[in-house]
Amino acid sequence: MESEEIYERLKRVKEPITEVDIVSLGLVEAVTADEEGVRVYLRLSEGVEHPFQNALSWPVRWRIVRDVTAALDDVAGLEVLDARTLERYYPLEED
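Residues numbered from 1 in each chain as written. Predicted model: local features only at pLDDT ≥ 70, side-chain atom pairs only at ≥ 80, totals over all residues. Heavy atoms only, no water.

Trainee: I keep staring at the overall build of the protein and nothing clicks. Help me out?
Mentor: Broken down by element type, the protein carries two helices and four strands. Taken from the N to the C terminus, the helices and strands of the protein come in the order α-β-β-α-β-β. At 13 Å, the protein has a C-alpha radius of gyration in line with the 12 Å of a compact globule built from 95 residues. Projected onto its principal axes, the C-alpha coordinates of the protein cover approximately 40 × 30 × 25 Å. Looking at the protein residue by residue over its 95 residues, the buried ones come to 37%. Restricting the contact set of the protein to residue pairs at least 6 apart, pairs at least 24 apart contribute 54%. (Helix = DSSP H or I, 4+ residues; strand = E, 2+ residues; numbered from the N terminus. Rg over C-alpha atoms; globule rule 2.2 N^0.38 Å. Buried < 20%, exposed > 50% of the residue type's maximum accessible area, 1.4 Å probe, protein only. Contact = heavy atoms within 4.5 Å.)

Structure representation (structure tokens):
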């Protein structure tokens with residue numbers, strides 16, 4: 001799958017507070033695709049310095065990552081990473 005197609009599919013993912021797509025908001029730092037898979041680098045931890053800020057922002061980050069993985073559910077080798085920390089995000093299962 002080409003990076004351009006990935007970006008187009010990511011435009012369907014909305015930031016839950018503003019309902020603006022994550023590409024237009026600049027939350028998608030980069031998309032790389034190679035024989036190992038697709039990596040989506042998101043700018044989700046920018047401005048988060050304190051553990052309390054992290055705790056407050058986690059529900060928004062969780063929802064974005066969940067929606068990204070849903071939008072790209074057919075992409076083999078998908079990894080969603082934080083562009084600043086390189087932390088891998090894995091969406092939690094909903095009960």
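Trainee: So what exactly am I meant to see when it comes to the pairing of strand S1 (residues 28–34) here?
Mentor: On a regular strand, one side chain projects to one face of the sheet and the next to the other, so that they alternate. The pairing of S1 with strand S2 (residues 37–42) spans six bridges and is classified as antiparallel. Each bridged residue has a counterpart across the sheet, and for Val 31 the counterpart in S2 is Val 40. (Pairing = 2+ DSSP bridges.)

Trainee: Which parts of the structure should I look at to understand the sheet that holds strand S3 (residues 78–82)?
Mentor: Here we have four strands laid out as an open sheet, ordered S1-S2-S3-S4, and mixed in their pairing. Each of the sheet's edge strands pairs with one partner strand only, and the pair in question is S1 and strand S4 (88–89). Packing of helix H1 (residues 3–10) onto the sheet brings it into contact with S1 and S2, and relative to S1 it is tilted by some 140°. Contacts between helix H2 (residues 51–71) and the sheet are confined to S2, S3 and S4, with S3 contributing the most and set at about 155° to the helix. (Axes fitted to C-alpha atoms, helices over the stretch in contact; angles between N-to-C directions.)

Trainee: Before we go on, may I ask you to explain the nonpolar core in this structure?
Mentor: One recurring pattern in soluble globular proteins: nonpolar side chains tend to sit buried together. Ile 6, Leu 10, Ile 22, Val 40, Leu 42 and Val 68 are the most contacted members of the largest nonpolar core, which totals 19 residues. Ranked by residues supplied to this core, first place goes to H2 with four residues. Look past the residues within four positions of Leu 10 in its chain and what remains in contact with it is Ile 22, Val 23, Val 28, Val 31, Val 40, Val 68 and Leu 72. (Core = buried A, V, L, I, M, F, W, Y, C linked by side-chain atoms within 4.5 Å.)

Trainee: How do you make sense of the pairing of S3 when you look at a structure like this?
Mentor: Both S2 and S3 contribute to a ladder of five bridges, which runs parallel. Looking at the pairing, Arg 39 lines up with Glu 79 of S3. Crossover connection from S2 via H2 to parallel S3: handedness right-handed. Sheet analysis places S3 next to S4, joined by two bridges and oriented antiparallel. Each bridged residue has a counterpart across the sheet, and for Leu 81 the counterpart in S4 is Arg 88. (Right-handed = clockwise from strand over helix to strand, strands pointing away.)

Trainee: Help me understand the UniProt feature "domain: MIP18 family-like" (unreviewed entry) in the protein, please; the structure alone is not making it clear to me.
Mentor: Summarizing the sequence annotation, UniProt attributes the feature "domain: MIP18 family-like" (unreviewed entry) to residues 4–44 in the numbering used throughout. End C-alpha atoms of residues 4–44 are separated by 21 Å, and the span's content is 17% helix alongside 32% strand. (UniProt positions renumbered as here; feature names shortened; annotations may be inferred.)

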